[in-house]
Each structure stands twice: as structure tokens, then as C-alpha cells.
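One-letter residues, chain by chain:
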Amino acid sequence: MNECHTEVDPSVHSTSQRSTHPQWLEELSDRLVHYAPTAIICGVDGEVAAVYQLCSKLQLSIPQDVSIIGIMNEQQEQLPLFTRPLLSIRETGYRAADRMLWRIANPTLPYEHIRIQGELFIGSTTAAHQLK
């Protein structure tokens, strides 16, 4: 959004803690109806199916009305072929264990931030949208 010089208003996004699942889905439903986004990034693996089902319940056509990217550990059988990053879970786990052991052995050295890169699998849940 920064690259498109679009102001980010956190109140229109669903990024808060999920205190109760039904209440969160109701709030998300209200936002989807009110703001009519053209894309959703669902960043919690366990919530991807619920978001997809909510869009279907609201009669949003995916990907014609709204594109959805799910941050999923793997493709879920009950969902269509989802656009998602291909996560290197095993390799990331090995790297995390290595970094934890290094931190234990070197507690006074500076922390380092590690970025993990991977491929984006394009499934049937996204479509090209024009910027407004």
C-alpha cells in the first residue's frame, strides 16, 4: 500500500486479537460488506477456511469479486487451489533451531533478523485487479 501511496487505516483491517471466533467473523463480515475490498490476505493458517467460507456466505465470487491469498502451511483439501506462499517449513525449522542454539552460546552478541524467502504459488483464488 505504501508503494501505491495509499494511506493505511488500521480500523478498516482485521488485525486485532481474536477474543471470540464468532464475534471476529461478524466484525469481518461487516467490514467486507462496508468496504468491499478487492483482495484479502489471510495471515493465520487456521483462519483461511473460515474467511473463505464467510466470503462464500456473503455471495462474494472468488476471485472475481475478491482475491484471497492464504498464508497456509499446506493446501487444505476442502478449499479450492489457494494462492499461497510455498513455505519451507522443514528448512525454516532447522534454521530456527540453529539460531536458538547460537543465541544460547552467544547471549551478549546483537540479535539478528532473518527474512525467509519463498515462491508464491498462484492458485484459483486470485485475479488481476486494476488499481483505482
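Above this text is the structure in question.
In this text the structure is predicted, and so the values were computed from the model without any measurement.

## Brief notes about the environment of phenylalanine 82
Residue position: phenylalanine 82 is located in the loop between strand E2 (67–70) and strand E3 (84–85). Residue class for phenylalanine 82 comes out buried when judged on its relative accessible area of 0%. Sequence separation between phenylalanine 82 and serine 124 is 42 residues; the distance between their C-alpha atoms is 6.0 Å. Here phenylalanine 82 is in contact with Val48, Tyr52, Ile68, Ile69, Gly70, Met72, Gln75, Phe121, Gly123 and Thr125, once residues within four sequence places are set aside.

## A closer look at the pairing of strand E1 (residues 39–42)
By the alternation rule, side chains of E1 split into Ile40 and Cys42, which are all buried, and Ala39 and Ile41, of which none is buried. For E1 and E2, the ladder comprises 4 bridges, and the chain directions are parallel. Each bridged residue has a counterpart across the sheet, and for isoleucine 40 the counterpart in E2 is isoleucine 68. For the crossover that starts at E1, traverses helix H2 (residues 48–57) and ends in the parallel E2, the hand is right-handed.

## Section: the packing of aromatic side chains
This structure, assessed with the given rule, holds 1 aromatic pair. With 6.0 Å between their ring centres and 65 degrees between their planes, tyrosine 52 and phenylalanine 82 make a pair best called edge-to-face. Taken together, the residues span a long stretch of sequence, with tyrosine 52 in helix H2 and phenylalanine 82 in the loop between E2 and E3 at a distance of 30 residues. Residue placement shows arginine 99 over the ring face of tryptophan 102; its charged tip is 4.5 Å from the ring centre. The positively charged end of arginine 103 is found above the aromatic ring belonging to tyrosine 111, 4.1 Å away from the centroid.

How each quantity is defined
- Residues numbered from 1 in each chain as written.
- Predicted model: local features only at pLDDT ≥ 70, side-chain atom pairs only at ≥ 80, totals over all residues.
- Heavy atoms only, no water.
- Helix = DSSP H or I, 4+ residues; strand = E, 2+ residues; numbered from the N terminus.
- Buried < 20%, exposed > 50% of the residue type's maximum accessible area, 1.4 Å probe, protein only.
- Contact = heavy atoms within 4.5 Å.
- Pairing = 2+ DSSP bridges.
- Right-handed = clockwise from strand over helix to strand, strands pointing away.
- Phe/Tyr/Trp six-rings, centres within 6.5 Å; stacked < 30°, edge-to-face > 60°.
- Lys NZ or Arg CZ within 6 Å of the ring centre and 35° of its normal.

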